[in-house]
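Residue-level listing of the chains:
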Amino acid sequence: MSTMTAHRPWPLPAGPWIMRQSWCELLFAHWPLPPDILRPLVPARLALDTFDDSAWVSVAAFRLTGLRARGLPALPGLSEFLELNLRTYVRVGDAPGVYFFSLDAASRLAVMGARIFYRLPYFHARMSMERRDGWIHYRSRRRGGGDGEGDGGGAAEFVARYRPVGPAFNALPGSLDHFLVERYALYTTFPTGEVLRADIDHPPWPLQNAEAEITRNTVAEAQGIRLPAREPRLHFAARQDTLVWPPRRTA
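Okay, so let's go over this structure.

Here is what the cut-offs are and how they apply
- Residues numbered from 1 in each chain as written.
- Predicted model: local features only at pLDDT ≥ 70, side-chain atom pairs only at ≥ 80, totals over all residues.
- Heavy atoms only, no water.
- Phe/Tyr/Trp six-rings, centres within 6.5 Å; stacked < 30°, edge-to-face > 60°.
- Helix = DSSP H or I, 4+ residues; strand = E, 2+ residues; numbered from the N terminus.
- Buried < 20%, exposed > 50% of the residue type's maximum accessible area, 1.4 Å probe, protein only.
- Pairing = 2+ DSSP bridges.
- Salt bridge = Lys/Arg side-chain N within 4 Å of Asp/Glu carboxyl O.

Observations regarding the packing of aromatic side chains
Thinking step 1. If you walk through the whole model with that rule in mind, you get eight aromatic pairs.
Thinking step 2. For the pair W23 and W205, a centre-to-centre distance of 5.8 Å together with 20° between the ring planes defines the contact as stacked. With W23 in strand β1 (residues 19-33) and W205 in the loop between β11 (195-201) and β12 (207-217), the pair connects residues that are 182 residues apart, well separated along the chain.
Thinking step 3. Among the residues examined, W23 registers a relative accessible area of 15% and is labelled buried.
Thinking step 4. Relative to F236, the ring of Y162 has its centre 6.3 Å away and its plane inclined at 50°; by these criteria the two rings are tilted. On the criterion of sequence distance, the pair formed by Y162 in strand β9 (residues 156-169) and F236 in strand β13 (residues 233-244) is long-range, its members being 74 residues apart. With respect to burial, Y162 and F236 carry one shared label: buried.
Thinking step 5. An aromatic cluster of three or more residues is present, and its members are W23, F28, F62 and W205.

What follows is the structure, given as structure tokens:
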């Protein structure tokens, strides 16, 4: 893990990180939306973060590997699984971060742990990823209705194939790409409205441009969000190594 910190918007948090993981073969698909569409769907104490007066919603599809707690080895069968999340961009004070509408994972144990310890809206889904003919073929299907497969999260499906295009680059500060990916905190809330922040750390994202054919995407629709009828902005990342700190109440 890199010890670089100059790229961070604030210093590393006090206290030790508690978890590390790597995100591999990741696709970001980003869509702009008017802020007033998302405002009712985001907790009131989280300010929507916008770029050129647009809010943004992103789908991230990836393979998570090397998941382990600090001081413990990665456990076979529990340290690698597929994940898909739907997120937008928020800030509390001067600290920009990410707010998740939903997170799907192929690991029931990961779903349970993240719900308990991070209060994140994780759901179990049937998922697959394979490489064929130079493309990554990705499929996720969450069943709704509280039947044990989707844990009541509402049916949602994502089917796509994607691949990187061109060399890797780091997003320039002040650019839209930087706004969308260089985030070092995630936010969630208690039912009482109290805000929790979990800090994360990683090197600058090694982005590549990407092309994708998304044949099915109802992940945003399941959260009451209608995506615009336009092609998304796409990024690919071969791998990102990440450290995660425990969630803490914000001031």
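Considerations on the pairing of β9
Thinking step 1. As paired strands, strand β8 (residues 135-142) and β9 are joined by seven bridges and run antiparallel to one another. Within the sheet, the bridge partner assigned to R142 lies in β9 and is A156.
Thinking step 2. Where β9 and β12 come together, nine bridges link them in antiparallel fashion. For V165, the partnering residue across the bridge sits in β12 and is N209.

Focus: the pattern of salt bridges
Thinking step 1. All told, the structure shown has 16 salt bridges when counted by the stated rule.
Thinking step 2. Residues R8 and D201 are paired through a salt bridge, measuring 2.9 Å at the closest nitrogen-oxygen approach. With R8 in the segment before β1 and D201 in strand β11, the pair connects residues that are 193 residues apart, well separated along the chain.
Thinking step 3. R8 sits in the buried class, given a relative accessible area of 8%.
Thinking step 4. The closest approach of N and O atoms between R132 and E130, which form a salt bridge, is 2.6 Å.
Thinking step 5. Sharing partners across several salt bridges, the network here consists of E25, R63, E80 and R131.

What about unusual backbone geometry?
Thinking step 1. Although it is not a glycine, D53 adopts a positive phi angle of roughly 70°.
Thinking step 2. By the element assignment, D53 lies in the loop between β2 (47-48) and β3 (55-69).
Thinking step 3. D53 sits in the exposed class, given a relative accessible area of 67%.
Thinking step 4. For D133, which is not glycine, the phi torsion reads 55° and is therefore positive.
Thinking step 5. Within the secondary structure, D133 sits in the loop between β7 (126-132) and β8.

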